[in-house]
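The primary structure of each chain is shown beneath.
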There are 6 protein chains.
Amino acid sequence: MPNNERYQRGLRKLAEVDPQASQQLTDALSSIAPDFARYVVEYPFGDIFSRPGLDLKTRELITVAALTALGAAPQLKFHLRAALNVGCTREEIVETLIQMSVYAGFPAALNGLYAAKEVFAAQSE
Amino acid sequence: MPNNERYQRGLRKLAEVDPQASQQLTDALSSIAPDFARYVVEYPFGDIFSRPGLDLKTRELITVAALTALGAAPQLKFHLRAALNVGCTREEIVETLIQMSVYAGFPAALNGLYAAKEVFAAQSE
Amino acid sequence: MPNNERYQRGLRKLAEVDPQASQQLTDALSSIAPDFARYVVEYPFGDIFSRPGLDLKTRELITVAALTALGAAPQLKFHLRAALNVGCTREEIVETLIQMSVYAGFPAALNGLYAAKEVFAAQSE
Amino acid sequence: MPNNERYQRGLRKLAEVDPQASQQLTDALSSIAPDFARYVVEYPFGDIFSRPGLDLKTRELITVAALTALGAAPQLKFHLRAALNVGCTREEIVETLIQMSVYAGFPAALNGLYAAKEVFAAQSE
Amino acid sequence: MPNNERYQRGLRKLAEVDPQASQQLTDALSSIAPDFARYVVEYPFGDIFSRPGLDLKTRELITVAALTALGAAPQLKFHLRAALNVGCTREEIVETLIQMSVYAGFPAALNGLYAAKEVFAAQSE
Amino acid sequence: MPNNERYQRGLRKLAEVDPQASQQLTDALSSIAPDFARYVVEYPFGDIFSRPGLDLKTRELITVAALTALGAAPQLKFHLRAALNVGCTREEIVETLIQMSVYAGFPAALNGLYAAKEVFAAQSE
């Protein structure tokens, strides 16, 4: 179990975004690339999301935008949940996805909206 | 000159984002696709950017994120200037670009930062 | 229910391409982004597919080409069916997909051909 | 100088598309990858563009669509010229580029239209 | 059944990479695009993978890198198995996937690692 | 000037790959995002390229493959030089680029080969 400062800061930030994520990530990668589970905690969350200068809600919305444009489905679902967890409204998320039709095309926006529909439905249960 | 409500609303919104843009766009496309200059005003700006639910600063930051991820250089520069015009700070823009290293890779983030450096330098003159 | 001219023209064009599509789209997006269902009818179909200058068969083949290159699987299946609906032959569709191996790589072409195989099989039943 | 049947068929097809292309390609790659100049003649032109089932004009339009979606600028300019050479009208090309705004986003369509403006202007001289 | 030299060389090379692949590919494409099954044997395997200058292990690792960056999931799984078949170690494959986090982003690397986990588990049975 | 272990290890690794790179990177980003110059040294070079399990030559070839597939031109040129610096032969680099025609399409491979031609010519002077 890594114990450095970046890792600890990343763990705390990741827990703000999704309380189960670090355990799930560690479990999912333990048999194949445990170091990469550590890097995910350290660089994106310990280094980047922990920086001042942009609030966590905006950090999640720009992530949702980028993942929609790139078509990275599993990570998009994760960050749609994370956006809700950190206080983004459904409306802000939907507006972000609709706007991607302009920059990445209507298919990217549609696939993003269908992913959000699933995430919102699961959250409502 | 189109005169419908969406076009007029788009013109006003585009002028908030960049006062010269609609004239430059019309000139650039007049000889090849004047209808497309109209569509750019109507759909992205008249329909999407004019929607409530997300403020203009956030709309520009998610656009910067998507264009950095997609590597669309000329439009990224336009929206880096637009982000400044609508009140995003340099720090917010730089944070957005740095965060793209996580989702779209370090090369995408670096190219975005070099574009921002040019835009910021031109604005400082 | 929107009732403007662009929407009505888009509905008619979308019905040429796929008679069930507008209802399915409205249903799929009603709980999350009903406005986006309207935009899909208005811009792609009311504005773009309704333009003169390119017949509907060619419009579907260039769409199949772009979606294969971009790897947008659900929309590719929709437009493979649409291409058949507007009179493209299976041979024209297959030629379009094979040609994508040159521009977007062999994996993109293979995934396009596997999608077409499913669509053609469903249509034959 | 390769002399097989595919290469000869590819040379003839490439000459239909652009009479100078095979010499330019051979020159450009002679010092670094002469075999790849041969492959470009053999596979895309000797195998694919020489197939029946899709006329050369449609083959060029689907290529323009894919290259616009992928953002491959030098090859897009080549195929914009090729599309004109094989008889596509400027209107058909512009319609193809405008339609890409739906599938690949407005920036991709704009960059395609600016490339076409340059190609059309050079041809008019 | 094609019988030319490139096809035969491609068949032998493809069998080195995956003994079942050519039959599976022929079966999968026989009803829709049998010529494309032949092209896959001839160009990627008969022409490219058969070239000297790079050993088969390195050819598989650069393929794994590109497919991870492009997000082409079915072909990535095929080449993860192929990489093992030609003698790449699990460690070399995992290192290749982890490194893609730098160039294509953490989501691309994660999706690659999850694909490798499935492929390694299936191989261990 | 950061002085942690990861940064120092990254500096040493980056100097193996390109002796001028860390100074150039620091200079280029000093006015806009000095922290990102540090991250580039720390994560890609201090964490990833410093890992055992894959030699530096293979690390550069998979990077060249990924950057060619992604179309990231400035970073591709940097890593084409880096590949030569760590001992890859021109032939190994050219083979990597040619192979990308299969996975990312002929335009990506051509643009990669033209970049390599410039890099090789500059090195020969």
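This structure is a prediction, so every number in the text was calculated from the model and none was measured.

Turning our eyes to something else, we now look at the overall build of chain A. Each helix and strand counted, chain A has seven helices and zero strands in total. N-terminal to C-terminal, the α/β element order of chain A is α-α-α-α-α-α-α. By the compact-globule yardstick of 14 Å for 125 residues, chain A fits well, its C-alpha radius of gyration being 15 Å. Along the first, second and third principal axes, the C-alpha atoms of chain A reach 45 × 35 × 30 Å. Split into buried and exposed, the 125 residues of chain A put 62% on the buried side. By sequence separation, contacts in chain A at least 24 residues apart represent 64% of the contacts at least 6 residues apart. Working note: accessible area of chain A is about 4,600 Å², and carbon and sulfur atoms make up 51% of it.

Rotating chain A by 180 degrees about the axis while translating it 0.0 Å along that axis superimposes it on chain B, leaving an RMSD of 0.0 Å. The operation mapping one copy onto its partner corresponds to a two-fold rotation axis. Looking at the interface residues of chain A, 100% of them are also at the interface in chain B, so both copies use one shared face.

Under the defined criterion, the tally for this structure stands at 39 aromatic pairs over all chains. Ring geometry for Phe36 of chain C and Tyr39 of chain C: centres 6.4 Å apart, planes at 85 degrees, overall edge-to-face. Taken together, the positions of Phe36 of chain C and Tyr39 of chain C, both in helix H3 (residues 34–48) and three residues apart, correspond to about one turn of that helix. What makes Phe36 of chain C buried here is its relative accessible area of 0%. The class of Tyr39 of chain C is buried, set by a relative accessible area of 4%. Members of the aromatic cluster, each reached through a chain of ring pairs, are Phe36, Tyr39 and Tyr43 of chain A, Phe106 of chain B, Phe106 of chain E together with Phe36, Tyr39 and Tyr43 of chain F.

By a widespread convention, an interface's size corresponds to the accessible area lost as its parts come together. Taken residue by residue, the interface counts seven residues in chain B and seven residues in chain E. With both sides pooled, the region where chain B packs onto chain E buries about 440 Å², and carbon together with sulfur makes up 65% of that total. Together, Val102, Tyr103 and Phe106 of chain B form the three largest contributors to the area buried by chain B at its contact with chain E, with a combined 62%. At the boundary of chain B with chain E, the tally comes to zero salt bridges. One can count two residue pairs in polar contact (both at pLDDT 80 or more) joining chain B with chain E. Contributing elements (two or more residues each) for the side of chain B that touches chain E: helix H6 (90–104) and helix H7 (106–124) of chain B. The element best represented in the side of chain B that touches chain E is H6 of chain B, accounting for four residues. For the side of chain B that touches chain E, the class distribution of residues is five nonpolar, two polar and no charged.

Our next topic: the relation of the copies chain B and chain E. You can overlay chain B on chain E at an RMSD of 0.0 Å; the transform is a turn of 180 degrees with a shift of 0.0 Å along its axis. A high fraction, 100%, of the interface residues of chain B reappear at the interface in chain E, so the copies pair face to face through one surface.

This paragraph deals with the interface of chain A and chain B. Between chain A and chain B, the contact holds 31 residues from the first and 31 residues from the second. Both faces combined, the contact of chain A with chain B buries some 2,700 Å², and carbon together with sulfur accounts for 67% of it. The interface formed by chain A and chain B contains four salt bridges. In this structure, Glu95 of chain A and Arg59 of chain B form a salt bridge, with 2.7 Å as the shortest nitrogen-oxygen distance. For the pair chain A and chain B, the interface holds 12 residue pairs in polar contact (both at pLDDT 80 or more). Where the side of chain A that touches chain B is concerned, the elements lending two or more residues are helix H3 (34–48), helix H4 (56–70) and helix H6 (90–104) of chain A. Take the side of chain A that touches chain B: its biggest share by element is 11 residues, from H6 of chain A.

Glancing now at helix H4 (residues 56–70) of chain E. Residue and element names in this part refer to chain E. Here H4 is 15 residues long and its end C-alpha atoms lie 21 Å apart, about the 21 Å a rise of 1.5 Å per residue gives. Of all 15 residues in H4, 13 are buried; the element is thus mostly enclosed. One side-chain oxygen at the N-terminal end of H4 lies 3.1 Å from the backbone nitrogen of Lys57; it belongs to Asp55. Immediately beyond the C-terminal end of H4, within one or two residues, lies Gly71, with a positive phi of roughly 70 degrees.

The next subject is the packing of helix H3 (residues 34–49) of chain D against helix H7 (residues 106–124) of chain F. As a packed pair, H3 of chain D and H7 of chain F sit with axes 12 Å apart at the nearest point and diverge in direction by 165 degrees. Relative to H7 of chain F, the element H3 of chain D is oriented roughly antiparallel. Relative to H7 of chain F, H3 of chain D is oriented so that their crossing is left-handed. Between H3 of chain D and H7 of chain F, the residues in contact are Phe36, Tyr39, Val40, Tyr43 and Pro44 of chain D and Phe106, Ala109, Leu110 and Leu113 of chain F, respectively. Taken together, the residues of the contact of H3 of chain D with H7 of chain F break down into nine nonpolar, no polar and no charged.

Another point: the pattern of salt bridges. Should their charged atoms come close, side chains of opposite charge can pair. Per the stated rule, a full pass over the model turns up 69 salt bridges over all chains. Between Glu118 of chain D and Lys77 of chain D there is a salt bridge, with the nearest N and O atoms lying 2.7 Å from each other. With Glu118 of chain D in helix H7 (residues 106–124) and Lys77 of chain D in helix H5 (residues 73–85), the pair connects residues that are 41 residues apart, well separated along the chain. Residue classification places Lys77 of chain D among the partly exposed residues on the basis of a relative accessible area of 26%. Overlapping salt bridges, with partners in common, bring together Glu5, Arg6, Arg9, Asp35, Arg38, Glu42 and Asp47 of chain A, Glu95 of chain E together with Arg51 and Arg59 of chain F in one network.

Formed by 312 residues in total, the largest nonpolar core has its most connected members in Phe36 of chain A, Phe36 of chain B, Phe36 of chain C, Phe36 of chain D, Phe36 of chain E together with Phe36 of chain F. Beyond its immediate stretch of four places on either side in the chain, Phe36 of chain F contacts Tyr43 of chain A, Ile98, Ser101, Phe106, Ala109, Leu110 and Leu113 of chain B together with Leu29 of chain F.

Here we come to the environment of Ala15 of chain C. All names here are of chain C. Here Ala15 is to be found in helix H1 (residues 5–17). On the basis of relative accessible area, Ala15 is assigned to the partly exposed category, the value being 38%. The spacing of Ala15 and Gln75 is 60 residues in sequence and 16 Å in space, taken between C-alpha atoms.

Turning our eyes to something else, we now look at the confidence of the model for chain A. Looking at chain A as a whole, the pLDDT averages 97, with 98% of positions reaching at least 70. Taken over the whole predicted complex, pTM reads 0.98, whereas the ipTM for its chain interfaces reads 0.97.

A few words on the side chain of Asp18 of chain E. Residues and elements named next belong to chain E. Secondary-structure assignment places Asp18 in the loop between helix H1 (5–17) and helix H2 (21–29). Within the buried core, Asp18 has no salt-bridge partner, and the shortest N-O distance to an opposite charge, that of Arg81, equals 4.7 Å. Within the local environment of Asp18, its side chain forms a polar contact with the backbone nitrogen of Gln20, the two atoms lying 2.9 Å apart. Once residues lying within four places of it in the same chain are set aside, the contact partners of Asp18 are Phe78 and Asn85.

Residue and element names in this part refer to chain B. Between helix H1 (residues 5–17) and helix H5 (residues 73–85), whose axes approach to 8 Å, the crossing angle comes to 85 degrees. Between H1 and H5, the interaxial angle falls into the category roughly perpendicular. Of H5, the residues touching H1 (which contributes Leu14, Glu16 and Val17) are Phe78, Ala82 and Asn85. Partitioned by chemical class, the residues of the contact of H1 with H5 number four nonpolar, one polar and one charged.

Quick notes on the rules
Residues numbered from 1 in each chain as written. Chains lettered and ligands numbered in written order. Predicted model: local features only at pLDDT ≥ 70, side-chain atom pairs only at ≥ 80, totals over all residues. Heavy atoms only, no water. Helix = DSSP H or I, 4+ residues; strand = E, 2+ residues; numbered from the N terminus. Rg over C-alpha atoms; globule rule 2.2 N^0.38 Å. Buried < 20%, exposed > 50% of the residue type's maximum accessible area, 1.4 Å probe, protein only. Contact = heavy atoms within 4.5 Å. Areas by Shrake-Rupley, 256 points an atom, 1.4 Å probe, with all protein chains shown as cover. Least-squares fit on C-alpha atoms with pLDDT ≥ 70 in both. Phe/Tyr/Trp six-rings, centres within 6.5 Å; stacked < 30°, edge-to-face > 60°. Buried area = accessible area lost by both parts, 1.4 Å probe. Salt bridge = Lys/Arg side-chain N within 4 Å of Asp/Glu carboxyl O. Polar contact = N/O pair within 3.5 Å; in protein donor to acceptor, adjacent residues only side chain to side chain. Nonpolar A, V, L, I, M, F, W, Y, C, P; charged D, E, K, R; others polar. Expected span 1.5 Å × (residues − 1). Axes fitted to C-alpha atoms, helices over the stretch in contact; angles between N-to-C directions. Parallel < 35°, antiparallel > 145°, perpendicular 65-115°, else oblique. Left-handed = near helix turned anticlockwise from the far one by under 90°. Core = buried A, V, L, I, M, F, W, Y, C linked by side-chain atoms within 4.5 Å. pLDDT = per-residue confidence, 0-100. Lys, Arg positive; Asp, Glu negative; His and termini not counted.

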